[in-house]
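Breakdown of the fold
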Amino acid sequence: MEMHATRTIAADRMTVWQALNDAEVLKACIPGCEELTGSPEEGFSAVVKQKVGPVKATFKGEVTLSDIVEGTSYTISGEGKGGVAGFAKGGAQVRLSDAEGGGTDLQYDVEAKVGGKLAQLGSRLVDSFATKMADQFFERFQAHVEGNSAEA
């Protein structure tokens, strides 16, 4: 499964970059995130509860950042295990650039794979769930960074 999108955030690039590297901001923005610890340098550990179709699971996983270009881009990679529900793993290229007319364009290219019961649900259901999760994350993130968030 792959996703590609760009969002324009009404904040300067360094403000967006700092938020992308802040565990508290990420925890507040990730749907179903119960725990997120760690740092960009050493990686993050997360606990996320989600329901995908009929399958409910608590995923425990690790996330690492690589190819870091301060204020511009990084690669995020992670894997989560959800017991009998299966696993999810993937990565994303995240790039920041100055938006025309001010603000910051946040562009992301995501690639993910699932296995176990999740894979048995069918790609259409899993893809729509993943798209919904990404949209929720970036909506919350944008609202948080722009400072008008009821969620964050």
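Refer to the preceding data block for the structure.
Reference entry: report on the structure contained in this document.

Further remarks concern unusual backbone geometry. A positive phi angle is found at D67, which is not glycine, with a value near 50°. Tracing the backbone through its elements, the reader meets D67 in strand β4 (residues 55–69). Of the residues examined, D67 reaches a relative accessible area of 56% and is grouped as exposed.

So, on to the environment of S128. In this structure, S128 sits in helix α4 (residues 123–146). The spatial distance from the C-alpha of S128 to the C-alpha of A46 is 22 Å, given a sequence separation of 82 residues.

If you trace the backbone, N21 turns up in the loop between α1 (13–20) and α2 (23–29). Owing to a relative accessible area of 16%, N21 belongs among the buried residues under this scheme. Of note is the side chain of N21, whose polar atom sits 2.8 Å from the backbone oxygen of W17.

Scanning the entire structure with this criterion turns up four aromatic pairs. Ring geometry for W17 and Y74: centres 5.4 Å apart, planes at 55°, overall tilted. Placement of the pair is W17 in helix α1 and Y74 in strand β5 (residues 73–81), with a sequence separation of 57 residues. Of the two residues examined, W17 and Y74, each falls in the buried class. Taking the centre distance of 4.8 Å and the plane angle of 85° together, the rings of F137 and F138 count as edge-to-face. Comparing F137 with F138, the two get one shared label, buried. Each residue in the set Y108, F137, F138 and F141 is aromatic and connected to the rest through ring pairs, giving one cluster.

Procedures and definitions
Residues numbered from 1 in each chain as written. Predicted model: local features only at pLDDT ≥ 70, side-chain atom pairs only at ≥ 80, totals over all residues. Heavy atoms only, no water. Helix = DSSP H or I, 4+ residues; strand = E, 2+ residues; numbered from the N terminus. Buried < 20%, exposed > 50% of the residue type's maximum accessible area, 1.4 Å probe, protein only. Polar contact = N/O pair within 3.5 Å; in protein donor to acceptor, adjacent residues only side chain to side chain. Phe/Tyr/Trp six-rings, centres within 6.5 Å; stacked < 30°, edge-to-face > 60°.

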